[in-house]
Structures are given as structure tokens and as C-alpha cells.
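Examination of the molecular architecture
Here is what each chain is made of, one letter per residue.
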Amino acid sequence: MMASMVANGNRDGQSLVLKGVDPETCMIVFKNHWAQVVKILEKHDPLRSSSSTLPSMGVINLSSSSSGAQRFGNIPGDEANAVQNYVEHMLFLLMEEESGQAGAMGPILEFVVMENVMERLFVWSLRREFTDDMKLEQLKMYEMLVGQAQQPLLHHKPILRPLMMLLSSCSSTAMPEVEAELVLLLHQLCCILAKDLSILELFFHTSEDQGSTNFLIFSLLIPFIHREGSVGQQARDALLLIMSLSAENQRVAKHIAENTYFCPVLATGLSGLYSSLPTKLDIPSEEWHCLHREDWLTVPSLVQFLNSLEFCNAVTQVAHPDIRDQLLSYIYNGFLVPVLAPALHKLTLEEVMTTTAYLDLFLRSVSEPALLQTFLSFILLHRHESVHILDTLISRINTPFQLGTVSLALFRTLIGLYCEDVMLQLVLRYLIPCNHIMLSQRRVVRERDCYSISAARILALTPSCCSPDRSPPPLRQLDSILFSKGADTPHKLSSTAEETNLLSDDGSGNSCTIGSEIYLDVSYLHYLYDARRSISSCTRACQVWSALYDGEDPPPDRYEPGVLEESGLKFRQTALRKVPPSLALPPRPSVPRPAPLPTVGQLELEWDDSYDVCSVQVDTTPVENKPAPFPPAELPKHIQDMRRTATMLVKGSYIEENEFQDDVMVYNLVAKKDTTDADRMELNPGLLQSNENHPSPAEAPVQHALSLKLPPSVVADDGSNGLDSPKTKKQVDCNAIVQNAAAASAERSDDLLAQYEELLRTLDSEAGKKQVKGDGEAKKPVTPRQEEDEEDMDFTCFSAETPEAEKVSAPFGSVHKLRKSGSASRIQSVPFTGPFVSVLLSRLENMLSNSLHVNLLLTGILAQLAAYPQPLLRSFLLNTNLVFQPTVRSLYQVLATVKNQIDEQAARRKELPELITAAQHWLLARETLFMENEQSSSGSSSPFDGARILKNSPPPKPKAISLDRTEVFATVLFTEFLKELAAIAQEHSILSYIPMEE
Amino acid sequence: SRPLVDNEEQSGHGEQRASPSRLPFGKKQLPPIPKTVAPITKPMSTGPPVQSTNGTHASYGPFYLEYSLLAEFTLVIKQKLPGIYVQPSYKSALMWFGVIFIRHGLYQDGVFKFTVYIPDNYPDGDCPKLVFDIPVFHPLVDPVTGELDVRRAFAKWRRNHNHIWQVLMYARTVFYKINTTDPLNPEAAVLYEKDVQLFKSKVVDSVKLCNSHLFDQPKIDDPYAISFSPWNPAVHEEAKERMFAFKRRPEDHHKGTQVSGLSWVKPGSTQPFSKDDNPPQS
């Protein structure tokens, strides 16, 4: 109550104005007051001690004193009031006192320190009823004292110590007002600490005096880490101050990392908060594909989670590396692996979709590279039930309905990070060996398209119904600008006759005299500008990458697949080791993840392809011959424990496995998954056995496994496959024709391409397993003999076919050389551009039946990929002159297929032009709307351009045309996409060759 | 004092500015016509060869041409030809202004301004023309028009093999290695063969003449024409300082978003997160 008087007195503006008052007078007043107070204190002191020494903290039993017992008899009200009045006055005098000469204590402060005034007053409070109200008042008193004192007070133990006692007495309180005041005071103390490091030592020492090594201020803040509202925010701010302090102060860092629960609390708190997120989201519209700010602001639990995630982000940014690494380790092992991984594998589409959307949102919310790295290594390297998260996510792109859309959005985020590791895993690693192109084409990878040949060929795919030449749509015509040279009359000011002469004398001439006019597709200018922006920001971002990816760096024959699991995560384990055993979670499993399974990715691809050609697969593959699937490997105990803990953490949100919904899709999904699992298990035995002993195990077993599935002899002889051989031959011929036709007019080659395309589609997916026997080159048994011997015991029955299998799998001459390195795998042996590209292209091929927003996402992702400056990627996507291996599908081929579909359709439907015009109108109106929104709410910088037409504000419903006419919208979008790609190709031909730095 | 080129004709910088200043999100707003990327037109009547090689849609033809020329220009930048500076005109990407500094030999101290004219069916047409503003006294330079005989070096202009930087290179070479066969200026050729001393003095006169016209108004009125002015410390000193101090920083000339890439791949490795020092701070 004394504090309340002080506080109120001050706040009511009744404070004495001490300016100008003689310091000596103040001192005298202060001493007088204190003498009066001491009289009362001593009167009630049970020890009747007149000395100023105090019992140590150990003697004072806070809990019993706060229980309200007035152990030493009643203190008369008038005496209590008197003390309050005196103290109020005294504190004013103390606050207002200026420090003495050269930073020395002022006389009052000196007196306070000598007489141990604060501590004695605190003990006096304890003696009375120490209620929450009193705590509140005392906290306020200190807050004021600390905040407004004219000289530093906290350096003095006699002031610091009672403060610490007060703080620790508040640690168990539950009254919200006290908490708020406590956090406020702690925040204030942290601010002072951040400014004046010398106090830090004192904080530690004071703690030691109390018999504990606690960094009390810090420990008191920890319970508030995940608190919602302003209290939580203030606590997090205060903690951040200490975090940045830790970056410079080893002692603080060490203490926090080793003696506090800060990191585990923070990380497991994420898991707790995650568990309270809705497991299913109400999807506002069919167009919805990711959580925007407007979406998550309406979900309080999500806001709270993001606050904590943001805090983790900030801690990662400012804290000492020890703390940071520990935190990241806990986030990985305490949140991502045990909570998010299973959540990504829930059983209903909706739940999986929701988790995917959350993951996407988290990735977009995290900015600190180290934290992002933790998330990304989870996605790229972690295996859930032996499948990489990444592969699972990729496979979901192909799922129909919302899950596929949301997965696309996630990948749009991923590739927008300009992260080498992501791009490496998604695409580049399949391109590095250069197996996707003919050997002679490798130099073409780096070639520059000086004359926009590729752009021209891409634009030549414009469907005739959308051609700007034939009937420029009204909208575009409005936009057309006149490229008029004549109007400029550049030489009207020409002064010398010589010049006029010069310019006019030559008939074949100097083209600056051209006077003709032409309508240009002006929208193309915008695409060019967007392309320029997109490529240059991407190029700048990629300067931090480790390699050029130009077909030489890294060298194609030095690609090392597999063995990517542990290396990157070592630091986490080291970080963990520093944690006391009681705190440490089990370290990341090292035993159960030995298998560098290049086959997993492959199988995922098969999953994708089976989407298209499932029936073919089933018919031709001798499924019955497969050995029974292995039972799932038993997980190590500590993993199971962790999983159990995680399950408990998320409050049983996984129990739904039992209350399985009657959802056909779910069953399909599970069934599909099971098949994949079975396949995988089938491959596993060889791998598991060989992995333990052999450093480079992947190659041979894979081939055995492949031959096991479908021995080459089957490809050639089996009656059901009789179609294959002629097809393959035809395909090769066709390929040759296509190559020849490349130089000829693009128009003509379209038909050929379409046929080629058709053939490829049936063969392509099977190629992965059957190793299409199309290549006449290089039939060498390449596996070193000894390795084969080692495998013999497992694969005796197939060993006879081994050379045959390899024969077909060797696509060209260089394979022999590659194999000698011992690191070869299927990735190198069969031309294959990876599941990601494969699934994107297969969705693109179905463009006409995709919904508008799926197509927007799809084309956005492809455009973003095409904007990457790495020659391998650029040439693969954009160079129409590049000759690919027969089994490799290029973007151009798929585009040609779509064009043919559109042309066919246009021929059948007479009403199409009108519909197209209507769709164009609507799309442009929609874009204008977004543009306005964009400008009104400027500052929301989307990472790349493709995103901006995908903002989630619903556009007006098209009047003249139903959105269900996906083929009409797809046609318009296709045409625009061609322009976008062509523009990117053109800008590449310039930008990629401008030296970035001299 | 030494004259300094007024225009920022250093090829590297020229390209810098070539990036049109358009609105970032202005799809519906027409951008100002880009500056160096000048609108180029191609007559509709241009023959089928161009159409077939450059694509089927005439409306994109100008874009192909323009980008082909831009590609040529970036090639020129890359070559870093000694003593040669070029800049496409404002009005047409088919017309480039240039200047060549001769640093030694017979034509030492010569500063020759020239214009390159590129045929509008580039790259399938004839080789570009190179015309000196003032006809330099040289066997291969037409004494009336100032045109350099380029064709002898590029009898047939072949796409993919011939590039404009080669023409510029050639223009430089002719001043160091005199060729007198089939001269456009027979007088110069004969003198060089018969009376080198007289030839030399004529060259010196010619160089003097050219240099005396250095500060003239550009012959072609174009915002990007190269013009010289006498040294003026108030104007030039600072620019000179900057040229010497200037290090091009890619992030400097791009507004706003601090996009930066991420990589934890160890150089030489093809494995993600292979860097030892984790986690890196960029």
C-alpha cells in the first residue's frame, strides 16, 4: 500500500517539485523520515534487532508469509499508514536525486545503500499480509523507481537484492494483473540490461547469493513465451533483448543453453500450439489454395502459432549460435519430425491438405535463413516411414481436388525461395548428369539463343483461334500501340546535306528511314518487362549458389546421388550434446536411416506415372511374381517414444485413424500408398543388406530389382508387350525425324511432334521400369564383376539376366566412364528429369481440363522455373533446339500437345471464338481488379510475379461465360503462357550474358 | 586538356540504362517507350525469309529483331574491345553510334566517330555498314561517304557466326594493318604503296581534321548520339572520379526487395545441406 501511495501520488501529478531544492535539505528530510520509519519497524521486529543486518533470504519463508498469517501480531493501522507516507516521500527524494560528482552515488542513494533501506522495507511488507495486491503495488513501485530514477540504482546490491526477492516471490502468482505488471517490470529491467552490460554480472551474482544460479529475470519470462496478447508480446520482446545480449555475452548464452528450458519450451510450445490449430479448414472458395493474411487473421490459434514462430525466427536471428543451434535442433526434433511429419500423413485429404497449407504458410512466415534451413532440411531430407517428405509432397501435386492445388502452392513457395538445395533436389540433380540430352548436345546447354529462335518457336504454338494476326481480340487492340517510325521523322532536324545524302542514297538501306506502321501485341511488352524483372532478381539471388549448373560445373560425371542424410544435420546433434541429459531429447536417429535409397524417388515417379497409365502397368507387370512385402521395419524404441510423446502433445489428434471416414478418396489414397509401400519394401531387402557393408550399394540392387520386376526378355518377347517393340522402333525413327524437322518450319513439325508425343506418353512412364530398348548405342556390361558377385547371394535367380539389364539401361557411351566412379545409379543410367518436372508436365498436359486457378499456379511455377538462370534448367525448359533423349519429355513437347488439343477443339466448336473473347475480357477485368488492390495495399511484395494474379480476393463472376468452361479459359491462358515463356526466353538471351560484376 | 565524351557511351553503362523505367505493376498502363530499346519496325512487306526464320506471327517480328540486336550489343559489351565505344540510337536499334580511339600506329591519336547501320532483315541480310562521320583518309574508307569497306571481311553475313562486334573489331584493325587491295580510296592506296611519307602526312592531316571536328554537333540528331565537349571540370571531374571509383554492384541499381538466394551446398558437392559450417548467415 505504501507503493500505491507512491505510485498514485506520482501519477496524480502531486509530486513535489524538487528542482532547485537544496540536496542537503533533501537528505535531511530523507533521514528524518527514515528515522521515523525505523522506529516503527523496530517496534514490530520480533528480533528487536536494532542493527541493519537482515536475515538472509533463506530465513524468510515467502510462501507462509504470503499465506496471510500475521505472525508477529497486528500492526496498528495508523503505524502502517505512517510508514506508507514516509516511504512515499522517501522514494520521491530518491528518484529525483541526481547522481553525484563523476558518477558517484548521490547522498540519499548512498544512505539507502548503507542502511539497506529497500531490503528492510521489503521484509516489513512480508511481515504483513503479502497479498497479490501488495505484490502488484511493490512491482509498480520498483517499476517506477527503476524507470524514473535519475541515477543508476541497479548496480547496488541493497537495491537489487530486494528486487530479486520480490520478483521470485511473484513467480508462482496467477493473478493476471500481477503477471502483467511483472512482465512489464521484467521488460524494463531487460531494457536496462541491454543498455548496460555491467549490471548483468550483478544479476548473476545476486542469484548466486540466493543459492541458485538462476538468471532470474530470464527464468521468470519463460512461462510467458507463448502467451497470447500484449503480455506475451512484451515477454517475448524482453526475451529477445536478452537473446541479443547472449550473442555478445558467452556467459549468458551458456547459461541459457545449459541451465534453462528456454529452447525446449519454445520448440515444444510450437507443437502444443500446433495441436490446437484446426485440423480442417473451411475453404472459402474453389479458388483458394493458400493461407493469406486475411485468412489466418481470423483464426486466433493460428495467429498465436505464427506469433511464436515469428519469435523463434527472431531468436534464431539474434541469439548466440549455441542457443540458436539448440533451438533449431528442438524445433526439428520436437516439432517438425514428431508433429508435422505425421500431420502431413494424416488419412483424410482434407487434413493433409490443411497441413500442407500450414506448412506453406510457415515457410512463407520464416525469414531467417537458419530457421528456414531447418524447415527445408526437414522437407528435403527427412523420411517419414522411409519416404522423403519431399517425394510425398511432389506426388500430391497430382492428386485431384484441393490437395493438388494446395500442394502446387507449396511448391510455388519453395521454388520462390531461390534456394540451391531445394532446386537441386527438385530438378537440378536430374539434369546434372546431362543424361536427358544427347551427348553431342552438351555444349548446346550453354549456347545462347541470339536470334530468339526459341521464343519464335514457342510463340508459333499459339493456337490459330487465338492468333493475334488473324483476329486481334478487341481488348488487345485497345492496348495496341502504334510502332511508328515515320511519325518520328528522325531526320527533320538534320542540318547537314551530307547526312541526308548519306541516309537516302542507299536503297537496300538504312532502316532508320522506315515509315511503315505495325500493330504489335503490346501485352508482350509487359511480359518482357516481367521476365526481365523476374530473371534479374533470380540471377542476383543465385549468386550465392555454389555452382553454375551449366553442364560443366558441377561436372556431369561427378554427380553423387544418395548419401545426403546426416551430414547436414550434424550440427544439431552437437548442439544437443551441450544440453544437460535431463533436458535433451533423444538425438536424431542414426541407425534407422542408413539407406541412401535413390529408388524411393524413382518409385514416387512411378506413382505419378501410374496416375496416367495405371492399367497398362498392371497388365504388363508380372505382379504375382513379387515376393511378399516385407513387414515394416521395427522402429527404434526412442523413435517410438518420441512419436508417442508427440502424439500426446497434439492431444490425440491422431486418434481419428479409428474413426475413419467413409471417403472413397481416402481409400484410394491409402490403397495407392500401400502399393507403393509394397513396391518399396520389395526393393528394400537387397539394399538393407548391402548397405550395412558396402559403401556404394545402390546401383546393382536397383538394377536387379528392376530386372526382377520386368526382365528385359519380357520386354522383347512377352506377348502382351508385343506392341512395345515396334512402338519403340517407330519412336526412334520419329525422334530422328523430329530432330530433322527442328530446322524446318515449326508449323509443320507440330503434327510429327504430336504423334511423337502420343507415342511417348504410352512409353514414357513404362520406360522407367522397362528400360526401353531403344538405344542402339553402347551395350556394355558395366557393373564391375566383383560387385556383382557380392550381390549374387541375394539375387542368384536373376544374375543371369544382369548383363542384359545393364545393356538396355546404358543410354550412351559415356556410361562406362561414369560407372567407374562407382557412384552411378539409376539417375545416371536412365534419362529422367525427375518426379517434380514429370508431374508438372503431366498436369500441364491436362491443361484443358484443369480449373483456371490450377492452371494459373501451374504456369506460374513453370514460369518461375524458367526464370532461373542456370543453363541446365534454362536450356531444358526453354531451348527448343536442344535434342533430348527419346524418353525425356520437354516442356515444348507438352506445349505442342496442348496446342493440338486446342486446335482440334477449335475445329469442332464453332462458338469457341466468342467464348474465348469473353474469357479474355473476364481475365483482363480480373487482373485489373487485382492490380487496383495491389496498388491500394501497396507494400505487400509477393516474392514473384506469378503470384500476383493469384491473390485470393474473389473476382467478379464472369457473366458471358461459365467458369466451368475450363477448356476456354485454359486456351486463353495457354496463349498467354506461351508469351510469358517466350518473353523469358528472349530476356535470357540478353540478361544471362551481361556480366553481373566487373 | 583531354576531351571527354559527354554521353555515357561506355558500353557497359549504356546497357545499364537500357533497362526501361516502367512501372512495376502496370500491366494495364502503357509504359513509356523504352529509351535505348527503341521501337523498331519492320516493313510488313519484308520477305518471307525473315518470317520463316523468326516465327510465324508478324506481330512479334520486331521483338525478335530487337532482342537479336540487344543480344549483339551484349556481345559487344562482353568483348571489351579496346578503344571502341558504341551505343544504339534512341530512335532505332538498327543504328548504332560509335567512336574509336586509335592509340598507336599511323593513325595514333585519331578519334573517329562513326555510325553502324544494321539491315532490317538482320541477321539474314547483308553485313552491317559502318560509316565514319568524317571520311578518314584510308584506302578502305570511301573518301566521299566515309563508308568503311566492311564487306571484304564479311563477304556473306552468316548468322550465328558473324557478329557486330566483329565488324567493330575489323574497323579497329584496319587502322593498324593497312590493306590496299581493291581500295575504296585509290589515292590513299597508291600513296601508301608508292609514297609512304606523303601518305603519313595525309593521315596526320586527316586525323587533325577529324579531331578538329570533335566538338561539332552530332551529325545525326538523336538523344543518344555521341557528342564531345571540351573538358569542363565542373561537369567532368566528378564523372571521372566516379568512373575510377565505380564498382558495379548488382544490388545497387535494383530498387526495393532484398531478394537473396539461399545455399547450403558445399562447393564441389551436389548434396543439399552439405556445407560444414551450419547454419550459414548470409
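Residues numbered from 1 in each chain as written. Chains lettered and ligands numbered in written order. Predicted model: local features only at pLDDT ≥ 70, side-chain atom pairs only at ≥ 80, totals over all residues. Heavy atoms only, no water.

1. Some details on the pairing of strand S4 (residues 111-117) of chain B
Each regular strand carries side chains that alternate between the two faces of the sheet. Residue and element names in this part refer to chain B. Burial runs high along S4: seven of the seven residues are buried. Judged by which residues are buried, S4 turns out to be covered on both faces: Val 111, Lys 113, Thr 115 and Tyr 117 on one side and Phe 112, Phe 114 and Val 116 on the other are all buried. Of the strand pairs in this sheet, strand S3 (residues 95-101) and S4 are connected by seven bridges, and their pairing is antiparallel. From the neighbouring strand, Met 95 faces S4, where its bridge partner is Tyr 117. Of the pairings in the sheet, the one linking S4 to strand S5 (residues 129-132) comprises four bridges and is antiparallel in character. What sits directly across from Thr 115, in S5, is Val 131. (Buried < 20%, exposed > 50% of the residue type's maximum accessible area, 1.4 Å probe, protein only. Helix = DSSP H or I, 4+ residues; strand = E, 2+ residues; numbered from the N terminus. Pairing = 2+ DSSP bridges.)

2. Overview of unusual backbone geometry
Cis geometry is found at the peptide bond from Asp 553 of chain A to Pro 554 of chain A, where omega equals 0°. The residue after Tyr 122 of chain B, namely Pro 123 of chain B, is reached through a cis peptide bond having omega 0°. Turning to its location among the elements, Pro 123 of chain B is positioned in the loop between S4 and S5. Even without a glycine there, the phi angle at Asp 182 of chain B is positive, about 45°. Mapped onto the secondary structure, Asp 182 of chain B falls in the loop between helix H4 (164-176) and helix H5 (186-194). Residue class for Asp 182 of chain B comes out exposed when judged on its relative accessible area of 65%.

3. Side note on the pattern of salt bridges
All names here are of chain A. Taken as a whole, this structure holds 19 salt bridges over all chains when the rule is applied. Linking Glu 119 and Arg 161 is a salt bridge whose minimum nitrogen-to-oxygen distance equals 3.1 Å. With Glu 119 in helix H6 (residues 117-127) and Arg 161 in helix H8 (residues 157-169), the pair connects residues that are 42 residues apart, well separated along the chain. (Salt bridge = Lys/Arg side-chain N within 4 Å of Asp/Glu carboxyl O.)

4. Comments concerning the packing of aromatic side chains
Residue and element names in this part refer to chain A. Counted according to the given criterion, the structure contains 37 aromatic pairs over all chains. Residues Phe 305 and Phe 362 carry aromatic rings whose centres are separated by 4.6 Å and whose planes lie at 25° to one another, so their mutual orientation is stacked. Of this pair, Phe 305 sits in helix H16 (residues 300-318) while Phe 362 sits in helix H18 (residues 349-365), and the two are 57 residues apart along the sequence. Taken as a pair, Phe 305 and Phe 362 share a single burial class, namely buried. Within the aromatic cluster, the residues linked to one another by ring pairs are Tyr 274, Phe 305, Phe 335, Tyr 358 and Phe 362. (Phe/Tyr/Trp six-rings, centres within 6.5 Å; stacked < 30°, edge-to-face > 60°.)

5. Description of the confidence of the model for chain B
Residues and elements named next belong to chain B. For chain B, per-residue confidence averages 77 on the pLDDT scale, and residues scoring 70 or more make up 72% of the total. No element of chain B has a lower mean pLDDT than helix H2 (residues 48-54), which averages 34, and none a higher one than S5, which averages 96. Throughout residues 1-56 the model reports pLDDT below 50, and contacts reaching past four residues in sequence, or to other chains, amount to 148 contacts. Overall, residues 250-257 carries pLDDT values under 50, and its contacts beyond four positions in sequence, including any with other chains, amount to eleven contacts. For this predicted complex, the interface confidence score (ipTM) comes to 0.77, while the overall pTM stands at 0.70. (pLDDT = per-residue confidence, 0-100. Contact = heavy atoms within 4.5 Å.)

6. A closer look at the pairing of strand S2 (residues 84-88) of chain B
Residue and element names in this part refer to chain B. Most of S2 sits out of view: five of its five residues are buried. Of the two faces of S2, the one holding Ile 84, Val 86 and Pro 88 and the one holding Tyr 85 and Gln 87 are both buried throughout. Across five bridges, the pairing between S2 and S3 is antiparallel. Looking at S3, one finds that Gln 87 is bridged to Phe 97. A loop of six residues connects S2 with S3, the two strands running antiparallel in sequence.

7. As for the packing of helix H4 (residues 77-96) of chain A against helix H7 (residues 132-148) of chain A
Two numbers describe a pair of packed helices, the interaxial angle and the distance between the axes. Residue and element names in this part refer to chain A. Contact geometry for H4 and H7: axes closest at 9 Å, N-to-C directions at 25°. One element, H4, and the other, H7, form an angle in the roughly parallel class. In this structure, H4 meets H7 at a crossing whose hand is right-handed. In contact with Leu 91, Leu 94 and Met 95 of H4, H7 contributes Met 141, Met 144, Leu 145 and Gln 148. (Axes fitted to C-alpha atoms, helices over the stretch in contact; angles between N-to-C directions. Parallel < 35°, antiparallel > 145°, perpendicular 65-115°, else oblique. Left-handed = near helix turned anticlockwise from the far one by under 90°.)

8. A closer look at the environment of Gln 151 of chain A
Inspection of the secondary structure puts Gln 151 of chain A in the loop between H7 and H8. Engagement of the side chain of Gln 151 of chain A in a polar contact is seen with the side chain of Glu 97 of chain A, the distance being 2.6 Å. (Polar contact = N/O pair within 3.5 Å; in protein donor to acceptor, adjacent residues only side chain to side chain.)

9. Examining the environment of Ala 104 of chain A
Residue and element names in this part refer to chain A. Counting through the fold element by element, Ala 104 comes out in the loop between H4 and helix H5 (107-115). Given a relative accessible area of 38%, Ala 104 falls into the partly exposed group. What Ala 104 contacts, discounting residues up to four positions off in sequence, is Ser 99 and Gln 151.

10. Some points on the nonpolar core
Leu 167, Phe 262, Phe 335, Phe 362 and Phe 836 of chain A are the most contacted members of the largest nonpolar core, which has 250 residues in total. Per-element tally for this core: the top contributor is helix H44 (residues 966-991) of chain A, with 15 residues. The contacts of Leu 167 of chain A, once residues within four sequence positions are left out, are Leu 139, Leu 182, Leu 185, Leu 186, Leu 189, Leu 216 and Leu 220 of chain A. In terms of nonpolar packing, the next biggest core, distinct from the first, is built from 50 residues, Ala 71, Tyr 107, Phe 112 and Cys 210 of chain B among them. (Core = buried A, V, L, I, M, F, W, Y, C linked by side-chain atoms within 4.5 Å.)

11. Considerations on H5 of chain B
Taken together, the buried positions of H5 of chain B are occupied by Ala 188, Ala 189 and Leu 191 of chain B. Axial view of H5 of chain B: buried residues confined to an arc of 165°, hence all on one face. (Arc of directions from axis to C-beta.)

12. Description of the packing of helix H40 (residues 852-867) of chain A against H44 of chain A
Residues and elements named next belong to chain A. Packing of H40 against H44 brings their axes to within 10 Å, and their N-to-C directions diverge by 10°. By the angle between their axes, H40 is roughly parallel relative to H44. For the pair formed by H40 and H44, the contact residues are Leu 852, Asn 855, Leu 856, Thr 859, Leu 862, Ala 863, Ala 866 and Ala 867 on the first element and Phe 969, Ala 970, Leu 973, Phe 977, Glu 980, Leu 981, Ile 984 and His 988 on the second.

13. A closer look at the sheet that holds S5 of chain B
Residue and element names in this part refer to chain B. If you trace the five strands from one edge of the open sheet to the other, you get S2-S3-S4-S5-S6, paired in antiparallel fashion. Of all strands in the sheet, those bounded by a partner on one side alone are S2 and strand S6 (147-148). Of the pairings in the sheet, the one linking S5 to S6 comprises two bridges and is antiparallel in character. From the neighbouring strand, Val 131 faces S6, where its bridge partner is Glu 147. Packing against the sheet, H4 makes contact with S2, S3, S4, S5 and S6, and its axis sits at approximately 30° to S3.

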